[in-house]
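# An overview of the molecular structure
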Amino acid sequence: MNAFTGTMMIELEDRVDQLEEWTEGKGLIVQGADNTFCSGSDLNAVRAISNPQEGMEMCMFMQNTLTRLQRLPLISVALVQGKALGGGAELTTACDFRLMTSGSQIRFVHKHMGLVPGWGGAARLVQIVGRQNALKMLSSACKVDPDYAVHAGLADGFLAPAEDGRALEETENWLSSFVKGPAAVIRAAKKVVLSGQELPLIEALRMEKDVFGSVWGGPANLEALAQRQKHK
């Protein structure tokens, strides 16, 4: 069921480390194996760190990892096939977009474990779907199917059934329109959106100015001016 073990948490951090060094990257698809996105934390791993101090350390480790994932200058999509439960649901919120296959579900099951999200999933969920929808999803632990997810703003579309084997190709095609163009420009767009989301207005405006300055007069800008591509 692709549950998060301690080893998998460390491996995820390693992948984020690598992606932070990918200076020419533009897009990222996060997908689970065997048509299952992620069923959350492995129960054996949870039982092994049941005391509050170790639980907080695990919480902060994953919160940091998923925040770094969200802040990558890449346009990211979670391809949700099968179930995304608990920590898996939180992982989807660290991506810019979410696409769901027919029959899949996102479910914040934390209350059934006597918990609330701790990896940043609640804060990100409020930003994505708003306060009321987030409260409904967390307090009811309801199954969020593709129709509900699209209606609530949690998902950006749904795809063919996972067993058709076309979901990844469809996701790549969907993402292609957003990552078409020079890497420097795509990465700059992600940076200014993140700053607008996370920073106070004055700081966000300052960041936007700095990022604008990094692409003004750059190769992509000069080429577009030479070819008069503004309206193409």
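Residues numbered from 1 in each chain as written. Predicted model: local features only at pLDDT ≥ 70, side-chain atom pairs only at ≥ 80, totals over all residues. Heavy atoms only, no water.

## Focus: the side chain of arginine 187
Counted only if it meets this: Each helix is a run of DSSP H or I of at least 4 residues and each strand a run of E of at least 2, with the numbering of both proceeding from the N terminus. In this scheme, a residue with accessible area under 20% of its type's maximum is buried, one over 50% is exposed, and one in between is partly exposed, where area comes from a 1.4 Å probe on protein chains only. Asp and Glu count as negative and Lys and Arg as positive, but His and the ends of the chain are not part of the count. One speaks of a salt bridge when a side-chain nitrogen belonging to Lys or Arg is within 4 Å of a carboxyl oxygen belonging to Asp or Glu. In protein, a polar contact means a hydrogen-donor-capable atom and an acceptor-capable atom, both N or O and within 3.5 Å, with residues adjacent in sequence counting only if both atoms are side-chain atoms; elsewhere, any N or O pair within 3.5 Å suffices. For this analysis, residues touch if any pair of their heavy atoms sits within 4.5 Å.
Along the chain, the position of arginine 187 falls in helix H9 (residues 183–198). The charged side chain of arginine 187 is buried without a salt bridge, its nearest counter-charge being glutamate 24 at 6.9 Å. For arginine 187, the side chain forms a polar contact with the main-chain oxygen of threonine 23, separated by 3.4 Å. Setting aside anything within four residues of it in sequence, one finds arginine 187 in contact with Trp22, Thr23, Glu24, Gly25, Pro73 and Leu74.

## Considerations on the packing of aromatic side chains
Under the convention used in this document: Planes of paired rings set the category: under 30 degrees apart is stacked, over 60 is edge-to-face and the rest tilted, where pairs are Phe, Tyr or Trp rings (Trp by its six-membered ring) whose centres lie within 6.5 Å.
Scanning the entire structure with this criterion turns up five aromatic pairs. Taken together, Phe97, Trp174 and Phe178 form an aromatic cluster joined through their ring pairs.

## Description of unusual backbone geometry
We note that aspartate 34 has phi near 55°; this positive angle belongs to a residue other than glycine. Within the fold, aspartate 34 resides in the loop between strand S1 (27–31) and helix H2 (43–48). Backbone geometry at asparagine 35 places phi at a positive 60°, although glycine is not the residue there. Along the chain, asparagine 35 falls in the loop between S1 and H2.

## Re the pairing of strand S2 (residues 75–80)
Counted only if it meets this: The pairing criterion for strands is at least two bridges between them, as found by DSSP.
For S2, a buried count of six out of six residues is recorded, marking the element as mostly surrounded by other parts of the structure. The alternating pattern of S2 places Ile75, Val77 and Leu79 on one face and Ser76, Ala78 and Val80 on the opposite face, and all of these are buried. With five bridges joining them, S1 and S2 adopt parallel strand pairing. Along S2, the bridge assignment pairs isoleucine 29 with valine 77. Direction of pairing for S2 relative to strand S4 (residues 97–101): parallel, over a ladder of four bridges. Each residue of the ladder has a partner; that of valine 80, found in S4, is methionine 100.

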